[in-house]
Amino acid sequence: MNTSADLLTTLAPLLNVRDGEKAVAFYKTAFGAQVLMQTPPDSGSVVAHLSIQGAEFWVADANDGNLNFSPDSLDGSSVRMILTVRDPDAVFARAVSAGGAIVWPVADQPYKWRVGRLTDPFGHHWEIGRPLDGD
C-alpha cells in the first residue's frame, strides 16, 4: 500500500469539457486512454483520471460558476496538449477517425520533430508527435 511518503511529484492537466461522459469515451477511443478513476454516473458531474500509456491527465465537466471553463465558453483554449508517441501518424489517424479535427497534418518539422495538430470535439488542441532520430 502506498503512503504519502511514497508519492512522486507529478503534474497533470485537467481538461474542462461540456460533456464529461462523451469526453471520456472520445479519449478512450482516440488515444486508447484508460480510466484510472471516475466519479459514479449518478454523481451529477464527471471527474475522471485518465492515462495514455502512463501519461496521466484529468477530465471534468465545466462549471462556469466555479470558474472551470471549457474552451467553447472561452472561444478557444489557453493550453495545448503535447502527446509524444512512437507512431504519431497512427495515433493522429486514430484520433481523427474518432472525431478529432485536423489543424495541420503530421509532418516532419524543421525543429526536428514529426508532429501534427488536431482539436478534439471539446475544443482542446492536441499536438501528437515524436522527436526525429539523427541530426
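Right above here is the structure, for reference.
### Side note on the overall build of the protein chain
Alright, step 1. A tally of regular secondary structure across the protein chain gives three helices and eight strands.
Alright, step 2. Listing the helices and strands of the protein chain from first to last along the sequence gives β-α-β-β-β-α-β-α-β-β-β.
Alright, step 3. Along the three orthogonal principal directions, the C-alpha set of the protein chain runs to about 50 × 40 × 25 Å.
Alright, step 4. Expressed as a percentage of the 135 residues in the protein chain, the buried residues total 34%.
Alright, step 5. Counting 10 positive and 16 negative side-chain charges, the protein chain places the averaged centre of each group 6 Å from the other.

### Some points on the pairing of strand β4 (residues 55–61)
Alright, step 1. Relative to β4, strand β1 (residues 14–17) is paired through four bridges, and the arrangement is parallel. In the sheet register, Asn 16 faces β4, and the bridge partner there is Ala 60.
Alright, step 2. Between strand β3 (residues 47–52) and β4, which follow one another and run antiparallel, lie two residues, and Gln 53 among them has a positive phi close to 50 degrees.

### A few points about unusual backbone geometry
Alright, step 1. Its identity as a non-glycine residue notwithstanding, Gln 53 has a phi of 50 degrees, on the positive side.
Alright, step 2. The topology assignment puts Gln 53 in the loop between β3 and β4.
Alright, step 3. On the basis of relative accessibility, which here comes to 79%, the residue Gln 53 falls in the exposed class.
Alright, step 4. Located in the positive-phi region is Lys 112, a residue other than glycine, with phi close to 65 degrees.
Alright, step 5. Its location among the elements puts Lys 112 in the loop between β6 (101–109) and β7 (113–119).
Alright, step 6. On the accessibility criterion, Lys 112 (42% relative accessible area) is partly exposed.

### Concerning the layout of surface pockets
Alright, step 1. Counted as a void, the largest pocket has a volume near 240 Å³.
Alright, step 2. Lining the largest pocket are 13 residues, and of these Ile 52, Gln 53, Val 85, Arg 86 and Val 91 lie nearest its centre.
Alright, step 3. If one sorts the elements of the lining of the largest pocket by residue count, helix α3 (residues 88–97) sits on top with three residues.
Alright, step 4. Per-class residue counts for the lining of the largest pocket are eight nonpolar, two polar and three charged.
Alright, step 5. Taken as a whole, the second largest pocket spans an internal volume of roughly 150 Å³.
Alright, step 6. Looking at the second largest pocket, the residues that line it are Pro 13, Ile 52, Ala 55, Glu 56, Phe 57, Val 79, Arg 80, Met 81, Ile 82, Leu 83, Thr 84 and Trp 126.
Alright, step 7. Elements represented by at least two residues in the lining of the second largest pocket include exactly β4 and β5 (80–84).
Alright, step 8. In terms of residues, the lining of the second largest pocket owes the most to one element, β5, which gives five residues.
Alright, step 9. Each residue belonging to the lining of the second largest pocket can be placed in one class, and the counts come to nine nonpolar, one polar and two charged.

So, how was this worked out
Residues numbered from 1 in each chain as written. Predicted model: local features only at pLDDT ≥ 70, side-chain atom pairs only at ≥ 80, totals over all residues. Heavy atoms only, no water. Helix = DSSP H or I, 4+ residues; strand = E, 2+ residues; numbered from the N terminus. Buried < 20%, exposed > 50% of the residue type's maximum accessible area, 1.4 Å probe, protein only. Lys, Arg positive; Asp, Glu negative; His and termini not counted. Charge placed at Lys NZ, Arg CZ, Asp CG, Glu CD. Pairing = 2+ DSSP bridges. 1 Å grid on protein atoms, 1.4 Å probe; cavity = no way out; pocket = protein on both sides within 12 Å on 5 of 7 lines; lining within 4 Å. Points joined across faces, edges and corners; volume = space filled by probe spheres on them. Nonpolar A, V, L, I, M, F, W, Y, C, P; charged D, E, K, R; others polar.

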